[in-house]
Amino acid sequence: MSQTRYFSTRGGSETLSFDEAVLRGLAPNGGLYIPTEIPALPANWESEWEGLTFSELSHRILSLFVPEDSIPSADLKDIIDRSYATFRVPEVTPLRQTAEGEYVLELWHGPTWAFKDVALQFVGNVFAYLLGKRNDAGANEQLTVLGATSGDTGSAAIYGLRSKPAITIFILYPDGRISPIQQAQMATVEDANVYTVAVQGADFDKCQAIVKSCFSDASFNASHRLGAVNSINWARILAQIVYYFQAYFLLPKDKRDKVQFVVPTGNFGDILAGWYAKRLGLPCRQLVVATNENDILARFFSTGRYEREDSSAEVKATYSPAMDIALSSNFERLLWYLAHETQSAEQQAQGAEERRAAAQATLNGWMDELKRTGRVDMGAAVKEAAAREFWAERVSDEDTLAEIRKYAGAGTPYVVDPHTAVGLATQARSKPRAPDSTWVTLSTAHPAKFSEAVDLALTQAFPDFDFRRDVLPPALAALEQLPQRVYKVSGEDGVRALIEQVKRGEKPTPA
Ligand SMILES: *Cc1c(COP(=O)(O)O)cnc(C)c1O
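The rules behind each value
For every chain, the first residue of its written sequence is number 1, and the numbers climb from 1 along that sequence. Reporting of local features is limited, given that this is a predicted model, to residues whose pLDDT is at least 70; pairs of side-chain atoms are given and counted only at 80 or more, and all residues count toward the totals for whole chains, interfaces and linings. As a rule here, side-chain values cover all heavy atoms of the structure and leave hydrogens and water aside. UniProt positions are given in the numbering used here, feature names are shortened, and annotations may be inferred rather than shown by experiment. Each helix is a run of H or I in the DSSP string that is no shorter than four residues. Each strand is a run of E no shorter than two, and both are numbered from the N terminus. Only C-alpha atoms enter the radius of gyration, while the globule expectation follows 2.2 Å times N to the 0.38, with N the number of residues. The classification of residues rests on relative accessible area computed with a 1.4 Å probe and restricted to protein chains. Under 20% of the type maximum is buried, over 50% is exposed, and intermediate values are partly exposed. Cavities and pockets are found on a 1 Å grid laid over the protein atoms alone: a cavity is a set of points where a 1.4 Å probe fits but cannot escape, a pocket is an open set with protein on both sides within 12 Å along at least five of seven lines, and a lining residue has an atom within 4 Å of such a point. Grid points are joined across faces, edges and corners, and a volume is the space filled by probe spheres set on the points. Charged residues are taken to be Asp, Glu, Lys and Arg, nonpolar residues to be Ala, Val, Leu, Ile, Met, Phe, Trp, Tyr, Cys and Pro, and polar residues to be all remaining types, Gly included. Any two residues whose heavy atoms approach within 4.5 Å at even a single point are treated as in contact. Being near a molecule or strand, for a residue, means having at least one of its heavy atoms within 4 Å of it. Think of a polar contact as two N or O atoms within 3.5 Å of one another; within protein, one of them needs to be a possible hydrogen donor and the other a possible acceptor, and neighboring residues in sequence only count if both atoms come from side chains. Pairs of strands are assigned from DSSP output, requiring at least two bridges between the strands. Whenever a helix is involved, its axis is fitted only over the stretch in contact; in every case the axis is a line through C-alpha atoms, and angles between N-to-C directions fall within 0 to 180 degrees.

Per an unreviewed UniProt entry, the chain goes by threonine synthase and derives from Cutaneotrichosporon oleaginosum. Under the UniProt heading Cofactor (unreviewed entry), the note attached to the chain is "pyridoxal 5'-phosphate". In its Sequence similarities (unreviewed entry) section, the UniProt entry covering the chain states "Belongs to the threonine synthase family."

1. Re the overall build of the chain
Helix and strand counts for the chain stand at 22 helices and 15 strands. For 511 residues, the compact-globule formula gives about 24 Å, and the C-alpha radius of gyration of the chain, at 22 Å, lands near that figure. The dimensions of the chain, computed from C-alpha atoms along their principal axes, are 65 × 60 × 50 Å. In the chain, which comprises 511 residues, the share counted as buried stands at 57%.

2. Points about the layout of surface pockets
Quantified by volume, the second largest pocket comes out at close to 250 Å³. Lining of the second largest pocket is provided by 16 residues; of these, Gln 142, Leu 143, Thr 144, Thr 168 and Lys 503 occupy positions nearest its centre. Of all the secondary-structure elements, those providing two or more residues to the lining of the second largest pocket are strand E5 (143–148), strand E6 (167–174), helix H9 (218–224) and helix H22 (491–503). For the lining of the second largest pocket, a count of residues per class yields six nonpolar, seven polar and three charged.

3. Looking at helix H6 (residues 154–161)
With eight of eight residues buried, H6 is to be regarded as a mostly interior element. Among the residues of H6, those classed as buried are Gly 154, Ser 155, Ala 156, Ala 157, Ile 158, Tyr 159, Gly 160 and Leu 161. The elements touched by buried residues of H6 are helix H5 (116–136), E5, E6, helix H7 (180–187) and strand E7 (194–199).

4. Some thoughts on the site of the ligand
Lining the immediate surroundings of the ligand are 15 residues, of which Lys 116, Gly 266, Asn 267, Asp 270 and Thr 444 lie closest. At 3.0 Å, a backbone N or O of Phe 268 approaches an oxygen atom of the ligand. The residue makeup of the shell around the ligand, split by class, is six nonpolar, seven polar and two charged.

5. Describing the sheet that holds strand E4 (residues 102–106)
Hydrogen bonds along the backbone pair up the strands of a sheet, which may run parallel or antiparallel. Here six strands make up an open sheet; going across it, the order is E3-E4-E14-E9-E10-E13 and the pairing mixed. Edge positions in the sheet fall to strand E3 (95–99) and strand E13 (390–394), since each of these pairs with one other strand and no more. Pairwise comparison of adjacent strand axes, ignoring direction, gives a mean angle of 25° for this sheet. Summarising the sheet, strand E10 (residues 287–291) and E13 pair through five bridges and their orientation is parallel. Across the sheet, Ala 290 pairs through a bridge with Glu 393, a residue of E13.

Rendered as structure tokens:
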């Protein structure tokens, strides 16, 4: 039975239960929660887990991290079953072969056609369960989840939290600046606890600034018990570990032991889950970080320096917007482990708690320097430790479109989304570095979610290409015919007024 507790990467000797780590998300000192130890797999995991369904596999793996007194085993199984019943295919995350020794792990068969569903379907049910447990014990906790989206990821949060008791969700988007399909995905959700909010005259950065400002207003934050379901939440990482094992079992036996996973990366949550899978004992070679032109991670893995490009142009808008990041939030978790593993012999001789504290101190130093100067050099030992498990490539917008064309023009045409294309371009470049490997590239979205890039890549090259006919699934097209409900507001005051109004029990009028 799991005894795992959680501590903050940035220090403090306090350890938390799974419940507390998940409901808090970010630690008060700005750190991220990680488990006190990485559990061991059962000795005979390979024979015992062969042939399990995705949900059964998930239950086995998550049980290693979730203690019975947080979520009893039968309840955890029920949460997992309900989370993956919403997926359209029995494998949940099926593996598609694209060439000899090359596979794509399709993570987008959930309700919003993007990989964030794998984590957020689970997280929504976990939040509802943990709040329910507290409220049954006499608490009266109501959570207000507030987030901003540039269009592509808001729907996964909404589908994760729709209809959940004790939770209300507000997702802000820039009015008129998201695609009709993206808007339809959010605005056609009818549940009473969902507020899809169009912020007039705003761009995505403005929406995000409003969210930040609400969170940092201590009294507003406390009176509404604001929560986030962002990618640093431990429960999200946990849910994502499962599909790396699933991929292993879906591969032919002679291909399993030499896998290179290639992961389109932004906030480092997806690939970090792969790293935990490897540390748990999943046999695989390395993890390959695929970045777009926002390449701070690719630069780290080649130089050992983590540095912002420059302070003026923070983030470049690319064709793979879900990977447009200035700093990669979950990377901090890996950095803590790197700090821990590169300690001096003297430090390594210390007890577990002293070593943990020393790694926290090192990480704090790095984060302070990054904040102060925009760059930090972690040195040769850290760079080498990282290089044992990872490498990285940067893929330009131009190469992203070329990769979409390449797969669409293959013998068996396969239309991929621009994020997946960044992964596949990385795979193609990486092959000479590790001949004789099995390549598994993670596909993070259905191409219909990113019509602009897909259209741009294919319309000229294939004159009879038709997005609606060739790419758009009928189920997504049908959403456009359904009634929509959107709340239009202007500025931060408008957002706050809407949240207040809902809290008072009034029913605001949609646009
Ligand atoms: C979020 C997202 C990514 C990046 O995943 P991280 O866990 O942030 O690295 C890649 N592709 C798509 C489509 C996404 O939505």
